[in-house]
Amino acid sequence: MSRRLNLEEIGRRAGVSRSTVSRVVNGEPNVSPQTKKRVESVVAETGFRPHAGARSLASNSTGVLGLVIPSAVATLFDDPYFGRLILGITGATNEIQMTLNLFLFGDQADDRSIIPRVVAPGLLDGVIVTATTMGNPLIEYLRGADMPFVVIGRPDESASVFSVDVDNRGGARTAALHLSGLGRKRPALIAAPSNTTAGIDRRSGFVEGVAAAGLSLDGRIREGDWTENSGRKAAEELLADRPDAVFAASDRMAVGAVRAITEAGLSCPDDVAVVSFDGLLHPDLASPRLTSIAQPVREVGERAVRLLKSVIDGTATIPESVVYPTELVVRESCGSELVEVS
């Protein structure tokens, strides 16, 4: 029955015009409480549902959000970070009764072809951007197109962008102080890519923590690309300088580092303690189980959706940066129980 009804029929039953019904079902103002109640009563009685396209045209809204991941598809499906993030984003999108479109960038050619589609008028109500590198042109495209957007991670220009991030710097500093508190004197760092703000912040935080503990890295720094293989290669090089502790800026790089330590005939944690960043791997997937700086990825995704909805609705007008704290989770790879850090 509801599929045969239209706005005119609902208006006839409620004793109002078609345009009044349209304003009520689209949540527009300038309808008296009594009229609104009468129309809503008829809608409830009949089970009427307005056509999605008609609602979109009437409200100038598509009901669709975009999630842009400028990262190779292989990396996306390899990395537990993205799985957890997408779960948070889709859950929050469903709660506000909107639809999510996923845009994946594989290379620079994809950048050039996808960006115009992302900002095309009438396609999306707003965009969430994550995993960006420094100087990503998409941010300027979104600004120029007057498209509401939120960045996950610290953007290059945080003062002028809505963003949701975790305390990468503080978490990495905690890792350094934890290792020094365990008596480790020769720390080493497997850094994340320096063309990302997360990589920069985790590197600087660890360096700060090492200095605060009165220690030095003395050149014991190698850069990986988030992957297990890069962590293994970096650790192989670092082991020549005999570190007694390694901080890897991602769980997957830490798994590679532990593998290199074991293959070198050393023990983790007895010879080399390891701390990672992310806290996303199931503990039983690494041996020894990883001590990690855990970040609340799912909550970040949920908050990004809620923040974007506020931007779209016009209730958030001044750019803000939301930063979630991280948590040190101690397991076997550092060889100790929890120690206090400052």
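Residues numbered from 1 in each chain as written. Predicted model: local features only at pLDDT ≥ 70, side-chain atom pairs only at ≥ 80, totals over all residues. Heavy atoms only, no water.

## Quick word on the sheet that holds strand β2 (residues 99-104)
Across the sheet, six strands lie side by side as β2-β1-β3-β4-β5-β11; this open sheet has parallel pairing. Single-partner strands in this sheet number two, and they are β2 and β11 (321-324). Taken pair by pair, the neighbouring strands of this sheet meet at an average axis angle of 20 degrees, ignoring direction. Alignment of strand β1 (residues 64-69) against strand β3 (residues 126-130), held across four bridges, turns out to be parallel. Bridged to Leu-65 within β3 is Gly-126. Its contacts with the sheet put helix α6 (residues 80-95) on β1, β2, β3 and β4 (149-152), and the angle it makes with β1 is roughly 170 degrees. (Pairing = 2+ DSSP bridges. Helix = DSSP H or I, 4+ residues; strand = E, 2+ residues; numbered from the N terminus. Axes fitted to C-alpha atoms, helices over the stretch in contact; angles between N-to-C directions. Contact = heavy atoms within 4.5 Å.)

## Points about helix α10 (residues 197-212)
With 16 residues, α10 extends 22 Å between its outermost C-alpha atoms, agreeing within 8% with the 22 Å of an ideal straight helix rising 1.5 Å per residue. Within α10, the full set of buried residues consists of Thr-197, Ala-198, Gly-199, Asp-201, Arg-202, Ser-204, Gly-205, Phe-206, Gly-209 and Val-210. Phi turns positive, to about 75 degrees, at Gly-214, one or two residues after α10. (Expected span 1.5 Å × (residues − 1). Buried < 20%, exposed > 50% of the residue type's maximum accessible area, 1.4 Å probe, protein only.)

## Here's the deal with the packing of helix α2 (residues 18-25) against helix α3 (residues 33-46)
Two elements in contact, α2 and α3, have axes whose closest approach is 10 Å; the angle formed by their N-to-C orientations is 85 degrees. For the element pair α2 / α3, the angle class is roughly perpendicular. For the pair formed by α2 and α3, the contact residues are Thr-20, Val-21, Val-24 and Val-25 on the first element and Thr-35, Lys-36, Val-39, Glu-40 and Val-43 on the second. A class-by-class count of the residues in the contact of α2 with α3 yields five nonpolar, two polar and two charged. (Parallel < 35°, antiparallel > 145°, perpendicular 65-115°, else oblique. Nonpolar A, V, L, I, M, F, W, Y, C, P; charged D, E, K, R; others polar.)

## Some words on the pattern of salt bridges
Within the structure shown, the criterion is met by 16 salt bridges. Here Asp-79 makes a salt bridge to Arg-252, at a shortest N to O gap of 3.5 Å. On the criterion of sequence distance, the pair formed by Asp-79 in the loop between α5 (73-78) and α6 and Arg-252 in helix α12 (residues 251-263) is long-range, its members being 173 residues apart. An identical accessibility class is assigned to Asp-79 and Arg-252; each is buried. (Salt bridge = Lys/Arg side-chain N within 4 Å of Asp/Glu carboxyl O.)

## Structural notes on α6
For α6, built from 16 residues, the straight-helix expectation of 22 Å at 1.5 Å per residue is met to within 8% by its first-to-last C-alpha distance of 23 Å. Looking at α6, one finds that the buried residues are Tyr-81, Phe-82, Leu-85, Gly-88, Ile-89, Ala-92 and Thr-93. For α6, the angular spread of buried residues about the axis comes to 130 degrees, placing them on one side. Opposite its buried face, α6 presents the exposed residues Asn-94 and Glu-95, each directed more than 90 degrees away. Capping the start of α6, Asp-79 holds a side-chain oxygen 2.9 Å from the backbone nitrogen of Tyr-81, two or three residues further along. Once α6 ends, the next one or two residues include Gln-97, with phi positive near 60 degrees. (Arc of directions from axis to C-beta. Polar contact = N/O pair within 3.5 Å; in protein donor to acceptor, adjacent residues only side chain to side chain.)

## Topic: the packing of aromatic side chains
Counted according to the given criterion, the structure contains two aromatic pairs. With centroids separated by 5.3 Å and ring planes inclined at 85 degrees, the aromatic side chains of Tyr-81 and Phe-82 adopt a geometry described as edge-to-face. Like Tyr-81, the residue Phe-82 is buried in the burial classification. One cation-aromatic arrangement involves Arg-202 over Phe-277; the distance from NZ or CZ to the ring centre is 3.8 Å. (Phe/Tyr/Trp six-rings, centres within 6.5 Å; stacked < 30°, edge-to-face > 60°. Lys NZ or Arg CZ within 6 Å of the ring centre and 35° of its normal.)

## A few points about the packing of helix α1 (residues 7-14) against α2
In the contact formed by α1 and α2, the axes pass within 8 Å of each other and the chain directions differ by 100 degrees. Our classification of the angle between α1 and α2 gives roughly perpendicular. On α2, the residues touching Leu-7, Glu-8, Ile-10 and Gly-11 of α1 are Arg-18, Val-21, Ser-22 and Val-25. Class assignment of the residues belonging to the contact of α1 with α2 gives a composition of four nonpolar, two polar and two charged.

## Things to note about the side chain of Asp-79
For Asp-79, a relative accessible area of 14% puts it in the buried group. Side-chain polar atoms of Asp-79 contact the backbone nitrogen of Tyr-81, separated by 2.9 Å.

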